[in-house]
Structures are given as C-alpha cells and as structure tokens.
Amino acid sequence: MQAEKYQSFTTEDFLNDPEFIRFVREGDAEDTRFWTAYENSVVNLEAYRAAQKELKFIFTAKRIAMPASFETDLLARIEQSVDQQQRKKTVSRRLYLSISSAAAILAFVLLSFWLNTANVTVITRYGEKKSVTLPDGSIVMLNANSSIKYPLLWRINHRRHVELKGEAYFKVVHLNNDPINVADKDRFLVNTNRLHIEVLGTEFDVKDRNQTAKISLTKGRVSVLSLVSGKHYILQPKQMALETTEEALKIVQADPSVEHAWVDGNRKMQKTKVKDILQEFADVYGRRVVLSDPAMAEVQIDGTISFKSGETVLFVLANILNANVKKDSTTIILQAK
Amino acid sequence: MKRQGNASGLWLSFTKGDRDAFTAIYNTYVGALYEYGMRILKDENQVGDCIHDLFIKLWLNHKTVRKTDNIRFYLIASLRNTILSYKAKEDRLPKEEFHNPDDFVLDFNAESAQVNKEESVAQSRRINDALDQLTGRQKEIIYLKYFEEMSYEQIADLMNISVKGAYKLSARALDALKIIMNADKAVVIWMLIHYKSQIF
C-alpha cells in the first residue's frame, strides 16, 4: 500500500477506498500497523478521522442473522419442490412419449389399413375402350361403359383380385408351376355382380350387365360360381357359362371369337336378333334406339357389324331394316321407310 | 466477507445439473439472501417464499442460466427481482411501476457512535430532516456498498440506475449519515424510538 496516495484524500475518497473500509471493519494486525503509521504522517488527518468515524457508525448497523431452522426448513422445501418438478418433467416426458408413440402406431395402422384396402379403379366411358396392364402383367381389355377395380398393394399382398362392372376380356398370366400345389398367389379372381371366377392363367371374356352375366373361355380352364343361383362349373375352352334373370347358370357352346369380337371393334352375329344388338348398342354407346315397328326387333341378322362407331352401327342396321335414322337431342329412331 | 474459492467451478457444476452443487450454492449464500431479503420485506415467510421461488427457477433453468463468476452478486440481484415481482403481484402493481423497494431496514447503533455534547433544537430538526432524507434506497446503497462490498457498477446494475447515479446516491446517503451521527446522543435515541418503524 502506498501511503502517498492517501495524502490528498478527502473524507469521501476515504469512504470509497476498499483498503480503508476493510481496515475499519476488520482491522487486522497488518492493516492496523499501516494505518497507525499513516495517522502519524498524515496531513489530512481531519478527513481521515471523519471518514473513520462515519464508517464506524455505518458498521454499527445491526446485522440480521438467519435462524438455523429457517435454513434447514427452506432447504427441505426447495428440495421437495425440485424433486416434484423433476417428477413432473419425467412424467410429462413419459406421457409425451407414450402419446406420440400411440399416435405413430395409430397412423401406421390407419396407413396399412388404407394401403390394404386401397384400390386402383379404371373406368371407361360410353364408346371408350381401354387396355389395362395389371401389376402381375395380366392384361385386361375393358369395353365401354365398364370399370375394374384392383388392390393397390397387389404385389405385396400377392392377391390377384379384380372386380368388374360391365365387360372385359382377360389375358391372365400363369404363375403356378406346380398344378398339385396351388398357392393363393397363383389364383386370379374376378368378381362381378353375379359371378365369382377363379383362374390360374387363361383368356376369357366376362360380361355382367342388365339381364345377362356370362363368361366365355378362349383357352385354359376357369372355375365359375354364380353368386345368385349358387351353381358352379369348370369351363373348358369354347364353352360359355351364362346366367340370365330367367335362367340359372348353365353351360352352352360358344365361339369365343364371337364373344370377344368387340375387342377388335366388331360384332359377330349368328342369327342375332335386332333387339339384342340394340341392347349392346345402348350398353356401349349409352343411347337407346327406338324402332318405329316393333316387329323389327325380332329380325335376325348374320354376319359382322363394325362397332367402331355408333354411326356405323346405325347405318348398317338402317340398311338391313330398310329404315331411316332420325335423331333428336334425346332419342334415336329407326323409322321404317 | 465469504469468498467462494471455486465459485465459477461450483456454478458450472450446477448448470450441468449437479444437485450437490445446487445445494452447496444454497448453503453458501442463503444467509446473505436472508439478510438482504429481510431488510426489504421484513417478513420471514415472505423472504422464505422468495428464496424458494428463486432457487426453483434457478433449478428449472439451470441449463440456460448465464455463466457467472460472482454467484453472490448474481443471487442477490436475482432475489431483488424476485422480491420486486412478488411485491408487485401482492400490491397489484405493474412491475415497471415498482422498480425499487420503498423501504430498507438498516438500524445503526447510535449509542456506540461518537456524538458531541452540543444540544440544540435546530440540530434536532436537522437530524429529523436527515433521517427523512435517508431513504430506503440510500440505506440500501450503503448496505450493498459496505456490507455486500459491491462496486458502484454492480450497484447501478442491481438498482437499475446509472453508475453516476449510484455515486450520487451514495454520497448523499453518507452526508445524511454524517448529520445523524454528529447529532446529540439523546436526540438520536429519541429519533430512533420515534421513527424506527418508518425510517430505520
């Protein structure tokens, strides 16, 4: 400590000097020696004394001591609160974890449910045809005014299952290599409103509209079950299973090229009645044709009509029936000449 | 004054979630906090509540609490804020209207101080004025400066005033004290008895 710097000190300076404050408050031996020496050489003794006196007065201020019980009680209280907070934190973290994992599981379940039940749907409008390649490589030719629906996760589920409305020609890829053991994934299922069809790998035409449900086989073998009559058959090529509103499922001989001529845009007729052709016209083009003479409906036709456009069909029919085509916004009339 | 040798180490351990360090901090500084709190609140239960809240808040925020080398100053400053919000809540005052405690207990022992023998009514009036002028804030600054050994910078920070303001406040407090100190012993004792509840 340098005594010189204190020579010019005012009372205020002394009161702000940490060394001096410490000396007055604690006054240990070393400090006392220094300040006693200083007192003897000081020129500003008055300021020094005044500061010393004031500081002494300040240090008479009563201290407030903390009771020991206060310290221990408060500590216990604090520790308890801290423990509680920590528990709350852990509980809420656990709660958060369980809620979020539950939500994740629920989302997963919903997603898998959705994926399992999600379907791909292909629809054709009137006058429109579509070729659909299924995930297994099987091909479906979809006739106009029809739809097929198949599972999105076809590959994962190994379930070849198609729902059909209207008419389609199927070329099913054969997956089974062991005829004795047929696995579920080898089967190809087609459901229509009335028919349940199971195949392994074949080509066939299915139609289910209006009064008639039918399946005609080009090659391979087909199991067909009527969901209406409960009748069940195994079809051979060139056979057709047919169910109408009047008749339960039965097998008839049928030329498959006639049944799926529509794929190439034709309609083959073998003593086919005009009313049946007009029904098909309505199915494919969505338009009803009115005949001016009801007798025309029973006229039978042989040969092939192009079904590529509605106009062509009407033109051919009008010629055969010797009639004129009259159209207004809602109806088409074949008016006998 | 107690100085924590490895104060910053203790604080660091605490910020890392060390419960023992937390308890050690409590044990080391609760006495100082109690005394300071009592001087403002004068109520042991309220002081207990405030210190409790302060330490709970500290523990909850131990990860984000700022680093400090001076735990003592940090805690006293935090306690002061805790007390101010506590009082503001109690008095239903918005916090910004309540920057400082309106009262601060600091009892000097006039009897032991040297007092001169002169007697006069004028002097007693001077003492009266001086005691009135020795506000809560002046007493607080004297306490912080001479008992907590804070620098003017720390005091300014703590009391929300400028450093210049802290010097001024301290100087005026010391002037007022000088007057009280130099007054007649009897008058001072009389003053102490009559004004104790309001002033000291």
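Computed from a prediction, not measured in an experiment: that's the story for all the values here.

Some details on the overall build of chain A
Inference 1: From N to C terminus, chain A includes 9 helices and 18 strands.
Inference 2: For chain A, the proportion of its 337 residues judged to be buried stands at 40%.
Inference 3: Here the contacts in chain A between residues at least 6 apart in sequence split such that 52% fall between residues at least 24 apart.
Inference 4: Accessible surface, chain A: about 18600 Å² in total, of which carbon and sulfur atoms supply 54%.

Quick notes on the packing of aromatic side chains
Geometrically, a pair of aromatic rings is defined through the distance of the ring centres and the angle of the planes.
Inference 1: Under the definition given, this model contains 37 aromatic pairs over all chains.
Inference 2: Where Trp 35 of chain A meets Tyr 48 of chain A, the ring centres are 5.9 Å apart and the plane angle is 20°; that geometry is what we call stacked. You can see Trp 35 of chain A sitting in helix 3 (residues 29-41) and its partner Tyr 48 of chain A sitting in helix 4 (residues 45-58), a full 13 residues away along the chain.
Inference 3: Classification of Trp 35 of chain A as buried rests on a relative accessible area of 0%.
Inference 4: On the basis of relative accessible area, Tyr 48 of chain A is assigned to the buried category, the value being 0%.
Inference 5: By way of ring pairs, the aromatic residues Tyr 6, Phe 9, Phe 14, Phe 20, Phe 23, Phe 34, Trp 35, Tyr 38 and Tyr 48 of chain A are connected into one cluster.
Inference 6: Here Lys 145 of chain B stacks its cationic end above the ring of Tyr 146 of chain B, 5.4 Å away from the centre of that ring.

So, the sheet that holds strand 17 (residues 323-327) of chain A
All names here are of chain A.
Inference 1: Within the open sheet, the 3 strands sit side by side as 15-18-17. Their pairing is mixed. Edge positions in the open sheet fall to strand 15 (289-291) and strand 17, since each of these has one partner strand only. Along the sheet, successive strands turn relative to each other by an average axial angle of 25°, direction set aside.
Inference 2: As paired elements, strand 15 and strand 18 (residues 332-336) share 3 bridges and run parallel to each other. Directly across from Val 289, in strand 18, lies its bridge partner Ile 332.

Observations concerning the UniProt feature "transmembrane region" (unreviewed entry) in chain A
Inference 1: Those places that UniProt annotates as "transmembrane region" (unreviewed entry) correspond, in this numbering, to residues 95-115 of chain A.
Inference 2: Counting secondary structure, residues 95-115 of chain A comes out at 100% helix and 0% strand; the distance between its end C-alpha atoms is 30 Å.

Structural notes on helix 3 (residues 44-60) of chain B
Inference 1: The terminal C-alpha atoms of helix 3 of chain B, which comprises 17 residues, lie 24 Å apart, in line with the 24 Å expected from a rise of 1.5 Å per residue.
Inference 2: Residues Gln 46, Val 47, Gly 48, Cys 50, Ile 51, His 52, Leu 54, Phe 55, Ile 56, Leu 58 and Trp 59 of chain B constitute the buried set of helix 3 of chain B.
Inference 3: Those residues of helix 3 of chain B that are buried lie in contact with helix 5 (68-117) of chain A together with helix 1 (7-15), helix 2 (19-41) and helix 4 (71-90) of chain B.
Inference 4: Taking the backbone nitrogen of Asn 45 of chain B as reference, a side-chain oxygen 2.8 Å away marks Asp 43 of chain B as the first, capping residue of helix 3 of chain B.

Description of the environment of Lys 129 of chain A
Residue and element names in this part refer to chain A.
Inference 1: The topology assignment puts Lys 129 in the loop between strand 1 (119-123) and strand 2 (130-133).
Inference 2: For Lys 129, a relative accessible area of 37% corresponds to the partly exposed category.
Inference 3: Apart from residues lying up to four places away in sequence, Lys 129 is in contact with Thr 124, Leu 142, Asn 143, Ala 144, Trp 262, Val 263, Asp 264 and Gly 265.
Inference 4: A polar side-chain atom of Lys 129 sits 2.8 Å from the main-chain carbonyl oxygen of Trp 262.
Inference 5: In this structure the side chain of Lys 129 is engaged in a polar contact, spanning 3.4 Å, whose partner is the backbone oxygen of Val 263.

Thoughts on the pairing of strand 12 (residues 239-244) of chain A
All names here are of chain A.
Inference 1: Summarising burial for strand 12: 6 of the 6 residues are buried, a large majority.
Inference 2: Where burial is concerned, the two faces of strand 12 agree: the one with Gln 239, Ala 241 and Glu 243 and the one with Met 240, Leu 242 and Thr 244 are both buried.
Inference 3: In this structure, strand 9 (residues 212-219) lies alongside strand 12, joined through 5 bridges in antiparallel fashion. Within strand 12, the residue paired with Ala 213 across the bridge is Glu 243.

Quick notes on the pairing of strand 2 of chain A
The two faces of a sheet get side chains in turn, since along a regular strand they alternate between them.
Residue and element names in this part refer to chain A.
Inference 1: Taken together, the 4 bridges between strand 2 and strand 3 (residues 139-142) define a ladder with antiparallel strand orientation. Opposite Val 132, over in strand 3, you have Val 140 as the bridge partner.
Inference 2: In sequence, strand 2 turns back onto strand 3 through a hairpin of 5 residues, with Gly 137 there showing a positive phi of about 95°.

So, the interface of chain B and chain A
Inference 1: Facing the 45 residues of chain B at the interface are 33 residues of chain A.
Inference 2: Summing the contributions of chain B and of chain A, the shared interface buries around 3700 Å²; its carbon and sulfur component is 62%.
Inference 3: At the surface where chain B touches chain A, the tally comes to 5 salt bridges.
Inference 4: As a salt-bridge pair, Asp 83 of chain A and Arg 19 of chain B come within 3.0 Å of each other at their nearest N and O atoms.

Section: helix 4 of chain A
Inference 1: For helix 4 of chain A, with 14 residues, the first-to-last C-alpha span of 20 Å sits near the 20 Å given by 1.5 Å per residue.
Inference 2: Within helix 4 of chain A the residues assigned to the buried category are Ala 47, Tyr 48, Ala 51, Gln 52, Glu 54, Leu 55, Phe 57 and Ile 58 of chain A.
Inference 3: Packed against the buried residues of helix 4 of chain A are helix 1 (11-15), helix 2 (18-25) and helix 3 of chain A together with helix 6 (136-147) and helix 8 (163-182) of chain B.

What counts as what
- Residues numbered from 1 in each chain as written.
- Chains lettered and ligands numbered in written order.
- Predicted model: local features only at pLDDT ≥ 70, side-chain atom pairs only at ≥ 80, totals over all residues.
- Heavy atoms only, no water.
- Helix = DSSP H or I, 4+ residues; strand = E, 2+ residues; numbered from the N terminus.
- Buried < 20%, exposed > 50% of the residue type's maximum accessible area, 1.4 Å probe, protein only.
- Contact = heavy atoms within 4.5 Å.
- Areas by Shrake-Rupley, 256 points an atom, 1.4 Å probe, with all protein chains shown as cover.
- Phe/Tyr/Trp six-rings, centres within 6.5 Å; stacked < 30°, edge-to-face > 60°.
- Lys NZ or Arg CZ within 6 Å of the ring centre and 35° of its normal.
- Pairing = 2+ DSSP bridges.
- Axes fitted to C-alpha atoms, helices over the stretch in contact; angles between N-to-C directions.
- UniProt positions renumbered as here; feature names shortened; annotations may be inferred.
- Expected span 1.5 Å × (residues − 1).
- Polar contact = N/O pair within 3.5 Å; in protein donor to acceptor, adjacent residues only side chain to side chain.
- Buried area = accessible area lost by both parts, 1.4 Å probe.
- Salt bridge = Lys/Arg side-chain N within 4 Å of Asp/Glu carboxyl O.

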